[in-house]
Amino acid sequence: MRIIQIAAETAPIAKVGGMGDVIPGLSYELTQEGHDVEIILPKYQFIDKKIFSSFRLSGQTILCKEGRKKYKNRIYHCRLQGLKITLIDPEKDYFHRPNIYGYKDDTARFCYFAKAALEYLLARGRPIDVLHMHDWHTAVIAPLYRNMFDDRGLRIKGLMLTIHNLAYQGIAATWDLDRLGLKGKSYLKDHLLQDGTNPRDINLLKGAINLCDAVTVVSPTYSKEILEKKNSCGLKKTLLRNHYKLTGIINGLDSLFWDPKKDLNLAINYSNDSSISAILEAKAACKRLLFPDKSKSPLIGCISRLVPQKGPKLIKSAIIHSLKKKAQFALLGSSPIKSIEDEFAQLKKHLENNPNAILNFEFNDHFSHLLYGACDFIIVPSYFEPCGLTQMIAMRYGAIPIVRKTGGLADTVFDIDDPAVPNSKKNGFVFSQYTAQGINKALDRAINIYTRHPSKYKKMVKTAMLQDFSWKASTQKYVEQYQKIIRQKP
Ligand code: ADP
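Here the structure is a predicted model, which is why all the values come from computation and not from measurement.

### Some details on the pattern of salt bridges
In a structure, side chains of opposite charge can pair up when their charged atoms sit close to one another. Counting across every chain of the model gives 28 salt bridges. The shortest N-O distance in the salt bridge between Glu-119 and Arg-152 comes to 3.0 Å. With Glu-119 in helix α2 (residues 106-124) and Arg-152 in the loop between α3 (141-149) and β7 (156-163), the pair connects residues that are 33 residues apart, well separated along the chain. Accessibility expressed as a relative area gives 41% for Arg-152, which makes it partly exposed. Note that Lys-157 and Asp-129 form a salt bridge whose closest N and O atoms lie 3.5 Å from each other. Remark: Asp-129 occurs in strand β6 (residues 128-134) and Lys-157 occurs in strand β7; sequence separation between them is 28 residues. Ionic contacts of the salt-bridge type, sharing partners, join the residues Glu-66, Lys-92, Asp-176 and Arg-179 into one network.

Below you can see the structure in the form of structure tokens.
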């Protein structure tokens, strides 16, 4: 199959969250299976061409009309770890900026990118089996294709949308569609792009749900949760109407990037082939890099964006509770929200002289790798979690996850004390209540097993490390969906 992945992020070139990891992970596995995959991404100013094994400016300049004017776009063809990547570089000043998101004109920027990408594909002239878009940033492709590019001769058999997080929908003025050459107001209909809360605005994600052939979300549990009003982010009716298209497929983990056997950030490398004592020795060596006074107490960690979704209040409570219970705690978290940032800064001040706590407020990939290696437990107390990579990475590094039972966390972590779970699957601690008490009780159980039942703890570490979170199984499920939508078309 010829498959186009089109997105705002692709790790390690341009990544903010989990979506950035999905694009290369899935594309790599699809390529391994013999599919022809091309990733299309904006050429952000910060992309360093040295990262690619080949980087070539195409002779072809693509024109893309916005408003009354046609703008030029340069096209770069690059290779990265065997992946084919095309970068679109508009002459318009949309991506010559330091960050991926966070600008007033974000909807206009990404709508323009989506249209320019379709212009490029049309000029290329090769038929496409599946065009796979990700989140609201590229969702405008659905109305653009159905009402403009199909007529202009772009051949695509199936349109697929993956929603990585339903909370972000891309609400825009009809003007954003007008500028692309679509009649914005004519899309103000419930079965098209009309936003439920602001009926004079368009909702890009909703439009793609309505107009795509297949929609996936990033875990089976999340695919059920979002059908309930309280989790549907205002899209319950739309999702129910399109229920027949909806599937939940758990993300895989990039096993090259997250590999304790080769990870250069660790004090000593280890793997699930190592003996449990070698694993624990290696983890203790990592721990000593963080807490040089060798300690026998469990190290609990949290690596997270500090935003409401991730349960900042529960994280705070877990830090205080863990320290009270004589455990150590390491937090690596960054927050775009001032009030949350201030709250954690205050806690850090309060814990200034506590030798058992590290609170680090930055985005630091290297440090995150060391933490996964060093920690005995990793908490993920999310209010909602479409898939979650943190718990999977933690398990790969032999850190037992302590998670709230929601979304992808519920699909990947199975509680040690749950009689309904077979022993071979018991890999963590799960709590349901979204309260400080909920997480504190789970922490108590975890600390108790670590200190009083070491053989049980060791067995959990081995079980967790043996879980298979590779992209192979998930890719198979995506291929099934691709084949399904292709079969529906002549
Ligand atoms: P989301 O995409 O909602 O942030 P995921 O669990 O899907 O959550 O993915 C989070 C990814 O970002 C993981 O790879 C995690 O290790 C990483 N991460 C989160 N916060 C930080 C941070 N402050 N520094 C480094 N990596 C981080």
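### Quick word on the packing of helix α8 (residues 276-290) against helix α11 (residues 365-374)
Taken N-terminus to C-terminus, the directions of α8 and α11 make an angle of 130 degrees; their axes are 7 Å apart at the nearest point. As the angle between them shows, α8 and α11 are arranged oblique. Crossing of α8 against α11: the hand is left-handed. Along the contact surface, α8 presents Lys-283, Cys-286, Lys-287, Leu-289 and Leu-290, while α11 presents Phe-367, Leu-370, Leu-371, Tyr-372, Gly-373 and Ala-374. Here the contact of α8 with α11 is built from residues that sort into eight nonpolar, one polar and two charged.

### A closer look at the site of the ligand
Close contacts around the ligand come from 21 residues, with Gly-18, Arg-305, Lys-310, Glu-362 and Tyr-372 the closest. At 2.7 Å, a side-chain N or O of Tyr-372 approaches an oxygen atom of the ligand. Residue assignment for the shell around the ligand shows that the elements contributing at least two residues are β12 (299-305), β13 (328-334), α11 and α12 (390-396). Taken together, the residues of the shell around the ligand sort by class into seven nonpolar, nine polar and five charged.

### What to know about the layout of surface pockets
A volume near 770 Å³ is recorded for the second largest pocket. Together, 30 residues line the second largest pocket, and Leu-253, Asp-254, Ser-255, Leu-256 and Phe-257 are the ones closest to its centre. Contributing elements (two or more residues each) for the lining of the second largest pocket: α1 (18-32) and α15 (454-466). For the lining of the second largest pocket, the leading source of residues is α1, giving five residues. Of the residues belonging to the lining of the second largest pocket, the class tally is 15 nonpolar, six polar and nine charged.

### Brief notes about the pairing of strand β3 (residues 54-66)
Pairing of β3 with strand β4 (residues 69-80), which is carried by 10 bridges, proceeds in the antiparallel orientation. Following the sheet pairing, Leu-57 is matched in β4 by Tyr-76. Linking β3 to β4, which pair antiparallel, is a turn of two residues; within it Gly-67 sits at a positive phi near 65 degrees.

### With respect to the sheet that holds strand β16 (residues 400-404)
Taking strand neighbours across the sheet as the criterion, the six strands line up as β14-β13-β12-β15-β16-β17 in an open arrangement whose pairing is parallel. Of all the strands in the sheet, the pair left with one neighbour each is β14 (357-360) and β17 (429-431). Each strand of the sheet is rotated relative to its neighbour by a mean of 15 degrees, with strand direction disregarded. Across the sheet, helix α14 (residues 436-452) is in contact with β12, β15 (377-380), β16 and β17; its angle to β17 comes to roughly 160 degrees.

Definitions and cut-offs
- Residues numbered from 1 in each chain as written.
- Predicted model: local features only at pLDDT ≥ 70, side-chain atom pairs only at ≥ 80, totals over all residues.
- Heavy atoms only, no water.
- Salt bridge = Lys/Arg side-chain N within 4 Å of Asp/Glu carboxyl O.
- Helix = DSSP H or I, 4+ residues; strand = E, 2+ residues; numbered from the N terminus.
- Buried < 20%, exposed > 50% of the residue type's maximum accessible area, 1.4 Å probe, protein only.
- Axes fitted to C-alpha atoms, helices over the stretch in contact; angles between N-to-C directions.
- Parallel < 35°, antiparallel > 145°, perpendicular 65-115°, else oblique.
- Left-handed = near helix turned anticlockwise from the far one by under 90°.
- Contact = heavy atoms within 4.5 Å.
- Nonpolar A, V, L, I, M, F, W, Y, C, P; charged D, E, K, R; others polar.
- Near = heavy atom within 4 Å.
- Polar contact = N/O pair within 3.5 Å; in protein donor to acceptor, adjacent residues only side chain to side chain.
- 1 Å grid on protein atoms, 1.4 Å probe; cavity = no way out; pocket = protein on both sides within 12 Å on 5 of 7 lines; lining within 4 Å.
- Points joined across faces, edges and corners; volume = space filled by probe spheres on them.
- Pairing = 2+ DSSP bridges.

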